[in-house]
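The residues making up each chain are set out below.
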Amino acid sequence: MNKKIISFLVIVGVVLVLVVLVRNNNKNISVKENKVEELQSDTIENVKEFAMTSFTEIKDGKYYPQYSLKDIEVKKGDRVRIKIMVTSGMHDFKIDEYGVYADTQMNKESVVEFVADKTGEFVYYCTKPGHRENGHWGTIKVTE
Ligand SMILES: [Cu+2]
């Protein structure tokens, strides 16, 4: 009788140990899964994409080179992607403070990409002679 009780208790004990082990294993797995999710969300950057044309408008015989988009606003840390298409004239695209430059071509999409890691208001402009002075520029505002 005693032997039967002891072997029953041993079996119950073994089962309990197994249940605890299985539970701990599941906990470990779920912790690992959480870590993977965190790592993935850290590496996904916020991409802000903009598209504009770059062209020369002629008004009363005067030339007004310009970008179709005059203002861009992003958050610090955003990855900024700007697509520029020249539809008339010869132009380029530059942001001094971010070291961004593209020699934009007629009817061909040029893409500049950078991480907005500085806050402030910066000017993007065309370096062709007289263009910036005649309006070929815009503002990118980077806020905290
Ligand atoms: Cu220009």
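Structure: above.
Residues numbered from 1 in each chain as written. Predicted model: local features only at pLDDT ≥ 70, side-chain atom pairs only at ≥ 80, totals over all residues. Heavy atoms only, no water.

Q: Would you mind showing me how to read the pairing of strand S7 (residues 109–115) here?
A: A regular strand places its side chains so that they alternate between the two faces of the sheet. Residues Ser-110, Val-112 and Phe-114 of S7 are buried on one face, while the alternating residues Glu-109, Val-111, Glu-113 and Val-115, pointing to the opposite face, are not. Pairing of strand S4 (residues 79–86) with S7 involves seven bridges; the strand directions are antiparallel. The partner of Lys-83 across the bridge, within S7, is Val-111. (Buried < 20%, exposed > 50% of the residue type's maximum accessible area, 1.4 Å probe, protein only. Helix = DSSP H or I, 4+ residues; strand = E, 2+ residues; numbered from the N terminus. Pairing = 2+ DSSP bridges.)

Q: Sorry, what's going on with the side chain of His-131 here?
A: Structurally, His-131 can be placed in the loop between strand S8 (120–125) and strand S9 (137–143). In terms of polar contacts, His-131 uses its side chain to reach the side chain of His-91, at 3.1 Å. When neighbours within four sequence positions are excluded, His-131 is seen to be in contact with Pro-65, Met-90, His-91, Cys-126 and His-136. (Polar contact = N/O pair within 3.5 Å; in protein donor to acceptor, adjacent residues only side chain to side chain. Contact = heavy atoms within 4.5 Å.)

Q: Explanation requested: the coordination of the copper ion in the structure shown.
A: A four-donor tetrahedral metal ideally has 109.5 degree angles, and a six-donor octahedral metal ideally has angles of 90 or 180 degrees. The protein atoms that coordinate the copper ion are His-91 (ND1), Cys-126 (SG), His-131 (ND1) and His-136 (ND1), at distances of 2.1 to 2.2 Å. Classification of the site at the copper ion as tetrahedral follows from its four donor atoms and the range of 96 to 129 degrees in their angles at the metal. Expressed as a motif, the donor residue spacing for the copper ion is H-x34-C-x4-H-x4-H. Classification of His-131 by relative accessible area gives buried; the value is 15%. Using a relative accessible area of 0% as the deciding quantity, one classes His-136 as buried. (Donors = N, O, S within 2.8 Å, 3.2 Å for Na, K, Ca; no water. Tetrahedral: all angles 85-135°; square planar, octahedral: opposite > 155°, others 65-115°.)

Q: Please explain the pairing of S9 as it appears in this structure.
A: Where strand S3 (residues 71–75) and S9 come together, five bridges link them in parallel fashion. Within S9, the position partnered with Glu-73 by the bridge is Lys-141. Taken together, the six bridges between S8 and S9 define a ladder with antiparallel strand orientation. Paired with Tyr-125 across the bridge in S9 is Trp-137.

Q: Explanation requested: the nonpolar core in the structure shown.
A: In a soluble, globular protein the nonpolar side chains are often hidden away together inside. Counting 21 residues, the largest nonpolar core has Ile-82, Phe-93, Ile-95 and Ile-140 as its most contacted members. For this core, the elements supplying multiple residues, two or more each, are strand S1 (47–59), S3, S4, strand S5 (93–95), strand S6 (100–102), S7, S8 and S9. Among the elements that make up this core, the one with the highest residue count is S4 (three residues). With residues near it in sequence (within four places) discarded, Ile-82 still touches Phe-50, Met-52, Ile-72, Phe-93, Ser-110, Val-111, Val-112 and Phe-114. (Core = buried A, V, L, I, M, F, W, Y, C linked by side-chain atoms within 4.5 Å.)

Q: What exactly am I supposed to notice about the sheet that holds S5 here?
A: The strands making up a sheet associate through backbone hydrogen bonding, with each pair oriented either parallel or antiparallel. Ordered in space as S3-S9-S8-S5-S6, the five strands form an open sheet in which the pairing is mixed. The sheet terminates laterally at S3 and S6, the two strands that pair on one side only. Across the sheet, the mean angle separating the axes of adjacent strands is 20 degrees when strand polarity is ignored. (Axes fitted to C-alpha atoms, helices over the stretch in contact; angles between N-to-C directions.)

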